[in-house]
Amino acid sequence: NFILTQPHSVSESPGKTVTISCTRSSDRLASNYVQWYQQRPGSSPTAVIYENNRRPSGVPDRFSGSFDSSSNSASLTISGLKTEDEAEYFCQSYDSRNQGVFGGGTKLTVL
Amino acid sequence: VQLVQSGAEVKKPGASVKVSCKASGYTFTSYGVTWVRRAPGQGLEWMGWISPYNGNTNYAQSLQGRVTMTTDTSTYTAYMELRSLRSDDTAVYYCARDLRFSEWLFDYWGQGTLVTVSS
């Protein structure tokens, strides 16, 4: 098993850029693909990035993702921050048994 | 595409709960269904996956022996049953459409079902 580690919280001002990291603790990610899900309070999660850097239809290009194979870590970058981006963000990948693993989540505050 | 889940449940410790997830707007057997839960104050937890096409399942190791996922292809409905409920099973349970055979993505989610386990 492995753990995906995210910062507990980040904060930034509107219009700025923020990056959230997601680092695996041990073992190799099965597919090397990382997804990112946004969850606002009281709502279901929605995908903002899949397969490291692809955006689902309807997600603005202010959201981007990357993966560094040398450090086995992924990043979610949100540029031109808006107050509506305030939410919790979870990275997700799969282990060697194709079982899903979520990071602990990062609470983004836009103030 | 829509996934509509059953309503909130209150159960006693040791009981079982069965949550349904009715799909519409796509061919049900063409995509998997993943179940995810979120307990109060905790993050998202992947529970398992089922293929409506052939019934194949893959359950989280932490839930093995307590969880069963099934589908009814005639009604486009997926079910998640959790047995021997404990207080730490109190959570919002979500189903999501899983595109894993084409893309690694949960693209549509149900609205969530609150399951409360309390004596």
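To keep things clear, this report deals only with the structure shown in the data block.

Thresholds, definitions, all that
- Residues numbered from 1 in each chain as written.
- Chains lettered and ligands numbered in written order.
- Predicted model: local features only at pLDDT ≥ 70, side-chain atom pairs only at ≥ 80, totals over all residues.
- Heavy atoms only, no water.
- Helix = DSSP H or I, 4+ residues; strand = E, 2+ residues; numbered from the N terminus.
- Rg over C-alpha atoms; globule rule 2.2 N^0.38 Å.
- Buried < 20%, exposed > 50% of the residue type's maximum accessible area, 1.4 Å probe, protein only.
- Contact = heavy atoms within 4.5 Å.
- Areas by Shrake-Rupley, 256 points an atom, 1.4 Å probe, with all protein chains shown as cover.
- Pairing = 2+ DSSP bridges.

Next up on the list: the overall build of chain B. Across its full length, chain B carries 0 helices and 11 strands. Counting from the amino terminus, helix and strand elements in chain B follow one another as β-β-β-β-β-β-β-β-β-β-β. Radius of gyration (C-alpha) of chain B: 14 Å, near the 14 Å computed for a compact globule of 119 residues. With the principal axes as the frame, chain B shows a C-alpha extent of 40 × 25 × 25 Å. Going through the 119 residues of chain B one by one, you find that 48% of them count as buried. Across chain B, every contact between residues at least 6 apart in sequence was considered, and the portion connecting residues at least 24 apart equals 52%. Working note: accessible area of chain B is about 5300 Å², and carbon and sulfur atoms make up 47% of it.

What follows is about the sheet that holds strand β7 (residues 73–78) of chain A. A sheet is described by the order of its strands in space; here 4 strands give the open sequence β1-β3-β7-β6 (chain A), paired in antiparallel fashion. The open sheet has two edge strands with one neighbour each: β1 (4–5) and β6 (63–68) of chain A.

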